[in-house]
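This is what each chain is made of:
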Amino acid sequence: MSALELLLQQLINAVSIGSLYALMAIGLAMVFGILRLINFAHGDLIMVGSYVALLVMMLGLPFAVAAVAGLAASTLAGLAMERVAYRPLRGAHEIAMLLTSFSVTIFLENLAIILFRPTSRPFPAPSVLRSVIILGKLQVAGLDLIAIAVAALLLVALTVFVRSTNVGIAMRAASQDLLAARLMGINVNRVVAAAFAIGSLLAGVVGLLWSARVGKVDPLMGFNPVLKAFVASVIGGLGSLPGAVLGAYVLGGLEILLQGLLPSTLTPYRDAFVFTALIALLLLRPNGILGGTEREKI
Amino acid sequence: MLKLEAVEVAYGHIVALTGVSLRVLDGELVALLGANGAGKSTTLMSISGIVRPRGGTLEYNGADLSRASPLDIVGLGVIQCPEGRRIFGGLTVLENLRMGAIRRRDAGAVRRDLDWVLSLFPVLGQRRHQSGATLSGGEQQMLAMARALMGSPRLLLLDEPSLGLAPIVVQAIFQVIGELHRRGVTILLVEQNVRQALAVADRGYVLATGRVILEGSGARLLSHPELEQAYLSAAPGDRR
């Protein structure tokens, strides 16, 4: 394999993993932008969607049906989370909201452990998702290409949504000035619910792609993705949607780059190097790449 | 008619309003005056449903505002243009104006109002695709007022529209306030710029330490010795 081909191969890997992080980070960023809430339970929506999809497949229904059911389950779980756990805390201190998100995580993960046992279960993705495409000397996993295409499609759809629909523009308005949004008659509850619904749907998509990629599901599977998505949104600038996407691709690139460059004895410590780079970035740009100066929120 | 009766507001242990009573009749332009911290903005925020009074009554055309949500209050046509402009800096001028009209369903009327506010503030038409953050302070104030007008207010609450602006811009803002008044928009105007406010207002109230200490016509208030003493002398920068 030539150097160019190796580069291309790694680039595809980086964009693919970055796409998954981006879909996760958007959900975190949307909610943080409006409520200043870092919703760590966002990762568990991946788990909810994947398990529901798995259960539907175990009933003998086709993958497409299972996928739709999984996405619906993630979305409904996200909406329920907002309504039950976060709406009563509206206006509360950020720390109270953060602690609540940890409680929701602990609740959902333990519920899954009780319902489905703590061990992992195989996730039987259809063969088309497990195919390998040979392009010249490149071997590309079909799933990587699907992840990239799905993310690109969803990012375009999301951009159209936040730029041209009333709810989308209201979402941006509410994230810039919640008080002014209320004074203009923007229905903040509806905007927040929309942010949770969209973010949760995207988490459901990530769940399907992730489970198909690793071939299994387990009750704690949401932890690593949400951590990565959080790092991605911090890199890009917390609360900024373009920042979250940019940060996700930067993080994906950094991981793949280190995977390729580090000697094999050090690759198990790859994340330590990733987080070192994050600390360095935050020392130079405390608000992330696209984060502006700190604004006062009332 | 807007009617406030003995409205009390406290932020924790800090009492902001100790009993504010005032009335604004339909079509009136009423000035609400007072030094910093007198409770002017708190009064407006309680009318808009953002802060909840712990006592007294707030009514607009018979509707109890103390129980209504900010959303419902906007629905009644009571719209506030807040202090400090608070435009959406990351949104374009047109998007800001669209947000002002977000609860309205009649697209034709919204379009006519858009043409109207752009004729009141022609500079906003030139900047329609610019983001709010790139506008000058005066243009941002105009955008804030235009955005509030896009909500088709029956009662417009204006909080310090002239604060921190160049005299020529203040002149333009007050011209528009006069124009709105002539068109029959009911206005409750909070201002530190006493003389200019009383020049356009039908009546005025003066707040000090959370209650109304004076009320009356513009001329009566301007000549009242207590106004000079309690208020103008406290804010020498506002003497004109």
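Residues numbered from 1 in each chain as written. Chains lettered and ligands numbered in written order. Predicted model: local features only at pLDDT ≥ 70, side-chain atom pairs only at ≥ 80, totals over all residues. Heavy atoms only, no water.

### Focus: the overall build of chain B
Put simply, the test is: Helix and strand labels come from DSSP, where a helix needs a run of H or I of at least four residues and a strand needs a run of E of at least two; each type is numbered from the N terminus. Radius of gyration: C-alpha atoms only; globule rule: 2.2 Å multiplied by the number of residues to the exponent 0.38. Note on classification: 1.4 Å probe, protein chains only; a residue is buried when its accessible area is under 20% of the maximum for its type, exposed when over 50%, partly exposed between these limits. Whether two residues are in contact is decided by their heavy atoms, any of which lying within 4.5 Å being enough. Surface accessibility in these figures is a Shrake-Rupley result with a 1.4 Å probe; residues are shielded only by whichever protein chains are displayed. In this tally Asp and Glu are treated as negative and Lys and Arg as positive; neither His nor the chain ends contributes. Positions of charges follow a simple convention, taking NZ of Lys, CZ of Arg, CG of Asp or CD of Glu.
Counting its regular elements, chain B contains ten helices and ten strands. Here chain B has a C-alpha radius of gyration of 17 Å; the compact-globule value for 240 residues is 18 Å, and the two agree. Across its three principal axes, chain B shows a C-alpha extent of roughly 45 × 40 × 35 Å. When each of the 240 residues of chain B is scored for burial, the buried share is 56%. Within chain B, contacts between residues at least 6 apart in sequence are counted, and of these 67% link residues at least 24 apart. Surface summary for chain B: the accessible area is close to 9900 Å², and the carbon and sulfur share equals 51%. Distance from the positive charge centre (26 side chains) to the negative charge centre (22 side chains) of chain B: 4 Å.

### Details of empty space enclosed by the protein
Residue and element names in this part refer to chain A. In plain terms, the rule: The distinction between a cavity and a pocket rests on a 1 Å grid over the protein atoms alone: a 1.4 Å probe fits inside a cavity but cannot get out, while a pocket stays open yet meets protein on both sides within 12 Å along at least five of seven lines, and a residue with an atom within 4 Å of a point counts as lining. Grid points are joined across faces, edges and corners, and a volume is the space filled by probe spheres set on the points. When residues are sorted by character, Ala, Val, Leu, Ile, Met, Phe, Trp, Tyr, Cys and Pro go into the nonpolar class, Asp, Glu, Lys and Arg into the charged class, and all the rest, Gly among them, into the polar class.
Per the counting criterion, the structure on display carries three cavities of 30 Å³ or more. As for the largest cavity, its lining consists of Gly-27, Val-31, Asn-39, His-42, Leu-45, Ala-195, Phe-196, Gly-199 and Ser-200. Counting only elements with at least two residues in the lining of the largest cavity, the list comes to α1 (3-35), α2 (42-58) and α9 (188-214). Of the residues forming the lining of the largest cavity, the biggest block, four residues, is contributed by α9. Looking at side-chain class alone, the lining of the largest cavity contains four nonpolar, five polar and no charged residues.

### Focus: the pairing of strand β10 (residues 211-217) of chain B
Residues and elements named next belong to chain B. Selection criterion: Whether two strands pair comes down to DSSP finding at least two bridges between them.
Here strand β9 (residues 203-208) pairs with β10 via six bridges, running antiparallel. Bridging from a neighbouring strand, Arg-203 pairs with Ser-217 of β10. Hairpin connection between β9 and β10: a loop of two residues separates the two successive antiparallel strands, and Thr-209 in this loop has a positive phi of roughly 40 degrees.

### Remarks on the environment of Pro-242 of chain A
All names here are of chain A. Residue position: Pro-242 is located in helix α11 (residues 241-261). We classify Pro-242 as exposed; its relative accessible area is 54%. Put simply, Pro-242 and Ser-16 are 226 residues apart on the chain and 17 Å apart in space, counted from C-alpha to C-alpha.

### Looking at the interface of chain A and chain B
How we decide: By buried area we mean how much accessible surface two parts lose on assembly, using a 1.4 Å probe and totalling the loss over both. A 3.5 Å cut-off defines polar contacts: any pair of N or O atoms within that distance qualifies, except that in protein one atom must be a possible hydrogen donor and the other a possible acceptor, and neighbouring residues in sequence count only when both atoms are side-chain atoms.
Each partner contributes to the interface: chain A provides 20 residues, whereas chain B provides 20 residues. Together chain A and chain B conceal approximately 2000 Å² of surface at their shared face, both sides included; 62% is due to carbon and sulfur atoms. Between chain A and chain B we count six residue pairs in polar contact (both at pLDDT 80 or more) in total. Counting only elements with at least two residues in the side of chain A that touches chain B, the list comes to α6 (142-164), α7 (166-176) and α8 (178-183) of chain A. With six residues, the single largest contributor to the side of chain A that touches chain B is α7 of chain A. When its residues are assigned to classes, the side of chain A that touches chain B shows ten nonpolar, six polar and four charged.

### What about the packing of aromatic side chains?
All names here are of chain A. Spelled out, the test is: Paired rings are identified among Phe, Tyr and Trp, the last through its six-membered ring, by centres lying within 6.5 Å, and are further divided according to the angle between planes into stacked (under 30 degrees), edge-to-face (over 60) and tilted (the rest).
A complete count under the given rule lists four aromatic pairs over all chains for this structure. Between the aromatic rings of Phe-40 and Phe-102, the centroid separation amounts to 5.3 Å while the plane-to-plane angle is 20 degrees, which identifies the pairing as stacked. Pair noted here: Phe-40 is in the loop between α1 and α2 and Phe-102 is in helix α4 (residues 94-116), with a separation of 62 residues, a long-range link. A relative accessible area of 16% places Phe-40 in the buried class. Aromatic side chains Phe-40 and Phe-230 sit 5.3 Å apart centroid to centroid with 55 degrees between the ring planes, which places their arrangement in the tilted category. Within this pair, whereas Phe-40 is found in the loop between α1 and α2, its partner Phe-230 is found in helix α10 (residues 223-236), the two being separated by 190 residues in sequence. Among the aromatic side chains, those forming a connected cluster through ring pairs are Phe-40, Phe-102 and Phe-230.

### Regarding the side chain of Gln-141 of chain B
Residues and elements named next belong to chain B. Relative to the elements of secondary structure, Gln-141 occurs in helix α6 (residues 137-149). Assessed through its relative accessible area of 2%, Gln-141 is described here as buried. If we ignore the near neighbours within four places in the chain, the residues touching Gln-141 are Cys-81, Arg-85, Glu-160, Pro-161, Leu-165 and Ile-173.

### With respect to the nonpolar core
Spelled out, the test is: Residues grouped as a nonpolar core are buried Ala, Val, Leu, Ile, Met, Phe, Trp, Tyr and Cys residues, joined through side-chain atoms within 4.5 Å.
Counting residues in each nonpolar core, the largest one holds 124 residues, and the members touching the most others are Ile-34 and Ile-186 of chain A together with Leu-2, Ile-47, Phe-88, Met-99 and Leu-188 of chain B. Ranked by residues supplied to this core, first place goes to α1 of chain A with 16 residues. Residues Trp-116, Met-150, Leu-180 and Leu-221 of chain B belong to the second largest nonpolar core, which totals 48 residues.

### Remarks on the packing of α2 of chain A against α4 of chain A
All names here are of chain A. We count it as follows: An axis is simply a line fitted to the C-alpha atoms; with a helix, the fit covers only the stretch in contact. Between two such axes, the angle follows the N-to-C directions and lies from 0 to 180 degrees. Angle categories are assigned with fixed cut-offs, so that under 35 degrees is roughly parallel, over 145 is roughly antiparallel, 65 to 115 is roughly perpendicular, and the rest are oblique. Should the near helix be turned anticlockwise from the far one by less than a right angle, the crossing is left-handed, and should it be turned clockwise, the crossing is right-handed.
Where α2 contacts α4, the two axes come as close as 10 Å, and the packing angle between them is 25 degrees. By the angle between their axes, α2 is roughly parallel relative to α4. Relative to α4, the crossing made by α2 is left-handed. When α2 is examined against α4, the residues Asp-44, Met-47, Tyr-51 and Leu-55 are found in contact with a partner set consisting of Thr-105, Leu-108, Glu-109, Ala-112 and Phe-116. Looking at side-chain class alone, the contact of α2 with α4 contains six nonpolar, one polar and two charged residues.

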